[in-house]
Amino acid sequence: MSSLVVPVVVWGGGGTGQNSPTHRVSSLLLTPDCTTLISGSVDGHIILWKLKLDQTLWNAQTEATLEPISVLLGHTAQVTALCVANEANAPISATSCAVGGAKGTFLSASENGDVCLWDISDGRCLEVNRFQGHHIGMQRLPVREQSGIRVLVWGYYSDILVIDGCSLCHLFSLSSRLHPDWASAVTLVRPIVKAEDVVVALTLSGHVKVWSLSSTDRKEMEFIPEEQSKSIRCMNPCHMTCCSANQKLLLIITEAEWFLYDLDDFVKLCGGIAPPHPASTTGGASCVVHTWSRGSFLTVDKIAVWTKQGMCVVYQLPPDVNPENKRYRSKLDSSKEEHLKILASFDAHEDYIRSQKESKSEDDENGLKMFDFDSATNILAPDCVSASQFSNMGFVFASGNEEGFLSIHVLPSSILSIDGKTKNWDPSMLNKKIHCLSSTSLAHVWEKFKPSGLVDHLVDENGASHKVTSSLYLAQYGNLACGREDGSIVLIPAIEHAALKLLAPQYTKQLGLPSYFVMRGGHYSKVTCLLYPYQDSHRYDRSLFVSGGMDFSVVIWNLLSGQLIRRFVNHAGQVERLFIPPDTCGPRIRQCVVSVSSDHGVNLTSLSERNTILMAGCHLFPVKTVKWKPSHDFMLVQTTDGTLYVWHLSSGYLDRVIQGSEAEDILSACDEMEHEVTIRGNLKDAFKRRNVDALKDMAIQQITDLAVQEKVGVNSRGDSNRKRDGAGTSASPSGSFSGLNICPIRLSDGDPFFHVLFFDTEALVIQLLNCDKRRPTTSSSPPATPVASEKFKPEFERLEEVRRLTQSSSNFTDKVSKLGNKLLENVKKEIVSTTATAQTQMQGTNLQSSSDSSSAAEAHSNRKPTSNMSLPLVDVEGYLESSQDDAADFEKQRTQKQTPALDPAQQEAEQEQLTCETAQLMMSLLFAWGFNPSLDRLCVELLGLFRPSDSVCFGVTSRPGYLTLSLPSPKTISERHWSVSSSLTTQHRLSIITLSNALMSMRVPILAQKLLDKVGPSSYPDIFQGWSSVAALHCVLFPDMAPGEAQMADLEQLVRRWQDRCLEVREAAQALLLAELKHIGSRGRQNLVDIWASHLPLLGSDPNNQHPPQPSNTLPTPQGSSTSFSNASSVASSPKHSGVQPGVHAANSSYPQSTGQMQGDNHSDGNSVDDDDSLGSMTAITSASNPTQSTKLSRHEAQRRQGTAIVMLGVLGAEFGQSVSESGSFQSDGSFLEGFSGANMSLARYTCQALSHLLLHPPKGVDKQRGELRRAAIHLIGRGFTVWEPYMDITKVILALLEVASDTKVDYDLMFNGLPLLPEMDLLQTTHYALTQIATTRPSLFITSLAREVARFSAIMAAAQGPSTLSSSNMPSAVLARSKTEILRNVEILMDKQHHEVENLLLETMDIVLHCLDPGILKNKMLKNVFPSCNKFLAVDHCSTTRRVAAGGRRSVVHLYDSRALRPQVIQGPDEAQEGSSISCLCFSPDGKYLATFLAQLGKILFWQASSSFFNMIAANSFRVVKVAECPRLGISSGPVIKGRRFVTHRMVIILLSDGGEFRFTL
């Protein structure tokens, strides 16, 4: 799962006279409710527009409003087709798409084969799939019963694809046997009589194909051939549609003519040619003929046909072509074009020209040059039109052209009501001009709001502002490097300049204008690319910075001083890309940067040698990919035509040129061997070739990697390179966490760059906590609240102490292992010391060695050491490079100046300041301003927050590489912040709660340092209370204080973060989810149960029961992932949750696989890095589900829904289900959810089975300990154990949890170092929580279950005569042997917190304790010192002489434990002492020969005498009662209780009472 990232976009170009973002419309879609307009572009982005229409528009000519909402980024090629997948608030079947918000979903297809599913509400990308071919059209099949959403996709390929509208998986294809050709136009016919769909397609060659789709075809056939094929001589069709009012009419559109056919026999009824249009608006003589593009039936006798140039014509069809007329087809010869009546028309292109001319005068004043409006080329610009009916009162036409101009026209119902049978046509009834109601474009929006970019306010000495052409964020310094079109590079403080653009003007005046730094003289034209090598790998010098330009140059800069070091002009075209080679290359290549230019060349420029070591040219096509094969010293360059060029790195020669499939195989082999190669070859080649240098390189490299890991630590995923969400850019190098990343994005080539700020909540929390740890603790500092990662530190410290009690002191294997590890560490330290000595001797002789050494030291200063062991960093690259350079280069490098190392304290102060500024800006932007005025003042005056400006635009991340950004809007930030979508509301609320909790747990409130200097430490409590109020506002009080248009939290997203990898985010998500569940009330929770019950997997033992329980009459299927509610009443009445029949959703393994997948769209495993798929793999659950239902959903979608349903119902059942009391009866102290109450516990049973299945059947491989879904199941088992108890095999669950705790191996040195817990450590902590919850809520059940397994284990051990015969067949016993530490931890908790429960089961408890304790420890130490919790029980005693342990229980039963026996010795008192009595206390005599047991309720004390056998062994009858003494009864009424007992002599025992009295008894 990706971390919690909040995007904020800073649009640019509006304040400097630059152009607005280009939006060349290529496709258009108007939703059926006429509220949203979707426009796809040639460059791949999609824009959502909000359309506001009023009923008064049909009577009065008032303008409608068309405002941009957001831009969707994801497609990398032209968007060629748009299609509605799920309409707004439309009920669908249980097997169809369950994603999308209240506005529905839509599909988009691009020319490179990508098909995406988008949510109209918030613009998130829900699904992605790639098919081979160029798509040109899509159409949704009508939703029938149990069919779901199906979509037809066609394009430049022979078959028509039928895909699932939710999962985008390929279902089947419509193939052609006769005259196969590309389908140019496709339509759908739905006969009223037959319950089947008929697909009609028209190919480029003019052949009509007909397919009939039945339910059997969809399930059994992969390819469906056509049923009919006929040639109608209609070449190159553009569009085809069928009349919905009468299925006999078919409208076919070609570029030159449109035709109306009878669908029964394909007889032409009528047609029309495209009208001419004057090329000059002033009355020129030349004319340009329009070309038709699309058409649509308005009524059965009226059609609308529009051209590519934006002209729309409404025709009245002749009466004899109307199937409802008696004269139908009576006089086809009279149905000529002159009989067609034009009722109305409009020309969107004329509206566009008129709009441009109106603003021409203003543009002339600004000095902008306008194009010639009278040119014919502009008239022929392609145009897109979409039509939809509005409230049965008319049709709305939306039009857009390549210039980005959008217009809205409305055809009133009065025109549609004209009777086509009229013979006397009034001229006023014809040729009506439809006026444009609304028109807009991105240029108009930019002109209105004038957004300003991060560097738009910067001007040169002449007062001119230059466009940014490239950008790179330097996370280590917090600076943004911007290359401009004049060749200069500007370094600006990113946070300060972002605050200048995003905060309110009254605060930006206080902050002042930030400073910046300009580097000039390197480029003479625009800067095209930037690279900071040290940010990608610490092997480079931290002071070097590289840039490429349009002037063919690659320039090396000194970043710290801004001086130009070297300029290379070795390309014959502009430099397009700069990147670094991988770490597996040789030492000389690892100091190079790679540059790719437009002349198809690839150059390697060495930063240490300051020259170009390889110029790979002669490529005939542009470079597509560069791969490396270090084992053979090769660089592989693939061009766009598929040719592979193999270059030898050492010699610089072209080794070979490979084409075809062989080239693809070689590239695939490079990807597979990427992690297997080493610096100079693999280990096998090194030994085979006696390559000593390779062995030395590998050894030093391994030690370096180990040193780096121990110096800078590892992140939560255990790897060293972290990826940032959003546009797929890499973050800082290994070991660093950046709370902010800035990515430059532009919508089209040639557009100005705008910047997106990605605030990483998880990384920011880590940075804040590390800053707080580095601060020295003073007397004035208040006690810090433990953060989430440190709350468990005392528990694990005690766990480590208990672990030592269970380890045998005489274990020879452990001693040998420890000795071996110690020797290995000594050898390792010796090697490192030797290497470090060589490094010290080379200081001052090699520039790169010094640079890398300072880089490693700087990386170490950024992070607090995780342990006391400190290994010196080894400069491998500098050492190896110096041994290979010749004498001349060596002397040259000696004379160069070294880069000084930064002061660690200064660097830590800069990092702390950068972290605080980032957190301050993020909190200021996300805070809910205006909800609570008093809290607003507190945030400004005490917490250091600032109000944002109204120009702030947020974004939403969905899948990797897919991003949604909001566009400038006239609404204020408070009006539109929380009303955009539930997904954005959830991310912002979750982020601000997480940061508030982190700031509240710090020792010193470092966020507002300037304010702290004024208020002093006395205001610390007020500051912490302020952050608590901020968290409470966004968690609990938000639904009651939010405005009416505010969106509530998306419950599904919160469920999927129930076990987030970051503990702070996890706690915030759990608190927010529980608060939302409480707010929606009982009816809202019951709706959630009804929604997700149908997705719960079936894992019961009854094979006939294949459907989940139905707690209500209908089980609604969720229409979207945004399961959000405002209140209980709105849930009940919302059409979004209309009832449909339930269905079981399982994986589909029989679907034909698509020909490809998008990068990052991993549907095959559970390791998908997706913001929405954080619950891990559901392979085990899916395989156990009903396979017959697998045709409904794709595998990935079924897994996602099943995982969400398990956690959702688990949370609902654990928090709001009906618990079972200790006696087995149901509690009835409130209203409970149906399915989780005493009357109906069916859902509780099914949910329990799913949770148990996840625990008992872990996924194989790496996911066994890293699966977040399994961890969530473990957590919910413990959290709601009282609900699941009646339906759970208690012993299996407890043993499974103990097995997880015993098998999890962790490094305790990396647990509490300010970083997120490792997955293994997180799993262990969750397992501890579950076991503790089970033990504390049901102590008797926990103790008896473990005691029964201990007795079974002892019996097996006794029969086997030792532990050597334990095998997997006795798995429960093996688990008990490995999990002694965890058992003792829980027993200790019970003894401390559940004293009475343990006292009633003391014998079983002591069986468990003495089974877990090492017998060798009890030989040397007393039980009260080894396990102090036993001192609380007077019925337990340890003899110091015989080393025996005695424990007394009910019915006067005593268990005697001896280290030489596997099972305890059971002795029982006389019959008169057994009934209704229990031993209150006991003790051994000093010599161990006597044992006294006191029965307080009977008022008797029994003296036992021990006798030894010949071999000093305890015989079966070794203890016998020698005396029974009477005493007053205790414990019957209020009175003194026993406080102690002891033998004062060998024959006298004293019982001490709480009131100071005592009883003395003598044998």
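This is a predicted model, so every value here is computed, not measured. (Residues numbered from 1 in each chain as written. Predicted model: local features only at pLDDT ≥ 70, side-chain atom pairs only at ≥ 80, totals over all residues. Heavy atoms only, no water.)

Draft legend 1. Main features of the overall build of the chain. Helix and strand counts for the chain stand at 44 helices and 64 strands. When burial is assessed residue by residue, the chain has 58% of its 1563 residues classed as buried. Within the chain, counting contacts between residues at least 6 apart in sequence, those at least 24 apart form 63% of the total. Accessible surface, the chain as shown: approximately 62200 Å² in total, 50% of it carbon and sulfur. (Helix = DSSP H or I, 4+ residues; strand = E, 2+ residues; numbered from the N terminus. Buried < 20%, exposed > 50% of the residue type's maximum accessible area, 1.4 Å probe, protein only. Contact = heavy atoms within 4.5 Å. Areas by Shrake-Rupley, 256 points an atom, 1.4 Å probe, with all protein chains shown as cover.)

Draft legend 2. Representation of helix α24 (residues 1020-1035). A rise of 1.5 Å per residue sets the reference length of α24, with its 16 residues, at 22 Å; its end C-alpha atoms lie 23 Å apart and thus fit the reference within 8%. Taken together, the buried positions of α24 are Tyr1020, Ile1023, Phe1024, Gly1026, Trp1027, Val1030, Ala1031, Leu1033, His1034 and Cys1035. (Expected span 1.5 Å × (residues − 1).)

Draft legend 3. Just the confidence of the model for the chain, in detail. Per-residue confidence for the chain gives a mean pLDDT of 75, with 69% of residues at or over 70. Long-range and interchain partners of residues 698-735, a stretch whose pLDDT sits below 50, account for 102 contacts in this model, where long-range means more than four residues apart. (pLDDT = per-residue confidence, 0-100.)

Draft legend 4. Seen up close, the nonpolar core. Ranked by size, the top nonpolar core spans 179 residues in total, and within it Leu757 and Met1406 carry the most contacts. Per-element accounting of this core gives the leading share, 9 residues, to helix α31 (residues 1195-1216). With sequence-adjacent residues up to four places away left out, methionine 1406 is seen in contact with Met1391, Leu1423, Cys1430, Val1436, Val1445, Ala1447 and Tyr1457. By size, the runner-up hydrophobic cluster in this structure holds 37 residues, among which are Ala64, Leu406, Val756 and Leu963. (Core = buried A, V, L, I, M, F, W, Y, C linked by side-chain atoms within 4.5 Å.)

Draft legend 5. Local environment of the packing of aromatic side chains. Under the counting rule described, the total for this entry stands at 17 aromatic pairs. For the ring pair tryptophan 978 and phenylalanine 1038, a centre distance of 5.1 Å and an interplane angle of 70 degrees mean the geometry is edge-to-face. Placement of the pair is tryptophan 978 in the loop between α21 (973-976) and α22 (982-1000) and phenylalanine 1038 in helix α25 (residues 1038-1041), with a sequence separation of 60 residues. Looking at tryptophan 978, the relative accessible area reads 3%, which means it is buried. For phenylalanine 1038, a relative accessible area of 0% gives the class buried. Through successive ring pairs, a cluster of aromatic residues spans Tyr477, Tyr532, Tyr534 and Phe545. Stacked on the ring of phenylalanine 1216, the Lys or Arg arginine 1085 has its end atom at 4.2 Å from the ring centre. (Phe/Tyr/Trp six-rings, centres within 6.5 Å; stacked < 30°, edge-to-face > 60°. Lys NZ or Arg CZ within 6 Å of the ring centre and 35° of its normal.)

Draft legend 6. Fine view of the sheet that holds strand β22 (residues 267-273). The antiparallel open sheet is built from 4 strands, whose spatial order is β19-β20-β21-β22. Here the strands that pair on one side only, and so sit at the sheet edges, are β19 (237-242) and β22. Each adjacent strand pair in this sheet contributes to an overall mean axis angle of 20 degrees, direction not counted. Across 6 bridges, strand β21 (residues 257-262) lies against β22 in antiparallel orientation. Within β22, the position partnered with leucine 260 by the bridge is cysteine 270. (Pairing = 2+ DSSP bridges. Axes fitted to C-alpha atoms, helices over the stretch in contact; angles between N-to-C directions.)

Draft legend 7. Structural view of unusual backbone geometry. With a phi angle near 55 degrees, cysteine 34 is a residue other than glycine that sits in the positive phi range. Here cysteine 34 shows up in the loop between β2 (25-30) and β3 (36-41). Judged by its relative accessible area of 2%, cysteine 34 is buried. Of note, serine 1452 is a non-glycine position whose phi angle comes to about 60 degrees, a positive value. Mapped onto the secondary structure, serine 1452 falls in the loop between β55 (1445-1448) and β56 (1453-1457).

Draft legend 8. Fine view of the pattern of salt bridges. One pass over the structure, following the stated rule, counts 30 salt bridges. Residues glutamate 226 and lysine 209 are paired through a salt bridge, measuring 4.0 Å at the closest nitrogen-oxygen approach. Within this pair, whereas glutamate 226 is found in the loop between β17 (223-225) and β18 (228-231), its partner lysine 209 is found in strand β16 (residues 207-213), the two being separated by 17 residues in sequence. Take glutamate 226: its relative accessible area is 5%, and that puts it in the buried class. Across the pair arginine 1279 and glutamate 1215 runs a salt bridge, and its minimum N-O distance is 2.3 Å. Placement of the pair is arginine 1279 in helix α34 (residues 1268-1279) and glutamate 1215 in helix α31, with a sequence separation of 64 residues. (Salt bridge = Lys/Arg side-chain N within 4 Å of Asp/Glu carboxyl O.)

Draft legend 9. Quick peek at α22. With 19 residues, α22 extends 27 Å between its outermost C-alpha atoms, agreeing within 8% with the 27 Å of an ideal straight helix rising 1.5 Å per residue. The element α22 is extensively covered by neighbouring structure, given that 17 of its 19 residues are classed as buried.

Draft legend 10. Up close: the sheet that holds β55. If you walk across this open sheet you meet the 4 strands as β54-β55-β56-β57, and the pairing is antiparallel. Where the open sheet ends on each side, the last strands, each with one partner, are β54 (1436-1438) and β57 (1465-1468). Neighbouring strand axes in the sheet, compared pairwise and without regard to direction, differ in orientation by 20 degrees on average. Relative to β57, β56 runs antiparallel, the two being bridged by 4 bridges. Looking at the pairing, valine 1454 lines up with isoleucine 1467 of β57. Where helix α42 (residues 1402-1412) meets the sheet, its contacts fall on β54, β55 and β56, and the angle it forms with β56 comes to roughly 5 degrees.

Draft legend 11. Structural context of the side chain of asparagine 1386. Inspection of the secondary structure puts asparagine 1386 in helix α40 (residues 1380-1393). Classification of asparagine 1386 by relative accessible area gives buried; the value is 1%. A distance of 3.4 Å separates a polar atom in the side chain of asparagine 1386 from the backbone nitrogen of threonine 1332. (Polar contact = N/O pair within 3.5 Å; in protein donor to acceptor, adjacent residues only side chain to side chain.)

Draft legend 12. Just the pairing of strand β12 (residues 160-164), in detail. A large share of β12 lies buried, amounting to 5 of its 5 residues. Along β12, one buried face is formed by Ile160, Val162 and Asp164 and the opposite face, lined by Leu161 and Ile163, is buried too. Linking strand β11 (residues 150-155) back to β12 in an antiparallel pair, the connection comprises 4 residues. Note: β12 against strand β13 (residues 170-175), 4 bridges, orientation antiparallel. Its bridge partner being in β13, isoleucine 163 is matched across the sheet by histidine 170. Counting the residues that bridge the hairpin from β12 to β13 gives 5 residues, and of these leucine 168 lies at a positive phi of roughly 60 degrees.

Draft legend 13. Molecular detail of the pairing of strand β41 (residues 564-568). Across 4 bridges, the pairing between strand β40 (residues 554-558) and β41 is antiparallel. Each bridged residue has a counterpart across the sheet, and for valine 555 the counterpart in β41 is arginine 567. The antiparallel hairpin formed by β40 and β41 contains 5 residues in its connecting segment, where glycine 562 sits at a positive phi of about 80 degrees.

Draft legend 14. Fine view of the packing of helix α13 (residues 761-774) against α22. Their axes nearest at 10 Å, the elements α13 and α22 cross at an angle of 5 degrees. Taken as axis vectors, α13 and α22 run roughly parallel relative to one another. Counting all contacts with α13, which are made through Thr761, Leu764, Val765, Leu768 and Leu769, the residues of α22 involved are Ser991, Thr994, Leu995, Ala998 and Leu999. For the contact of α13 with α22, the residue count by class is 7 nonpolar, 3 polar and no charged. (Parallel < 35°, antiparallel > 145°, perpendicular 65-115°, else oblique. Nonpolar A, V, L, I, M, F, W, Y, C, P; charged D, E, K, R; others polar.)

Draft legend 15. Quick peek at the environment of tryptophan 118. Among the structural elements, tryptophan 118 can be located in strand β8 (residues 114-119). Counting along the chain gives 12 residues from tryptophan 118 to phenylalanine 106, while the straight-line C-alpha distance between them is 5.5 Å. Separated by 2.7 Å, the side chains of tryptophan 118 and serine 108 make a polar contact.

Draft legend 16. Quick look at the environment of glycine 1416. Structurally, the position occupied by glycine 1416 is in helix α43 (residues 1415-1420). Given a relative accessible area of 22%, glycine 1416 falls into the partly exposed group. It is 7.9 Å that separates the C-alpha atoms of glycine 1416 and serine 1459, two residues lying 43 residues apart in sequence.

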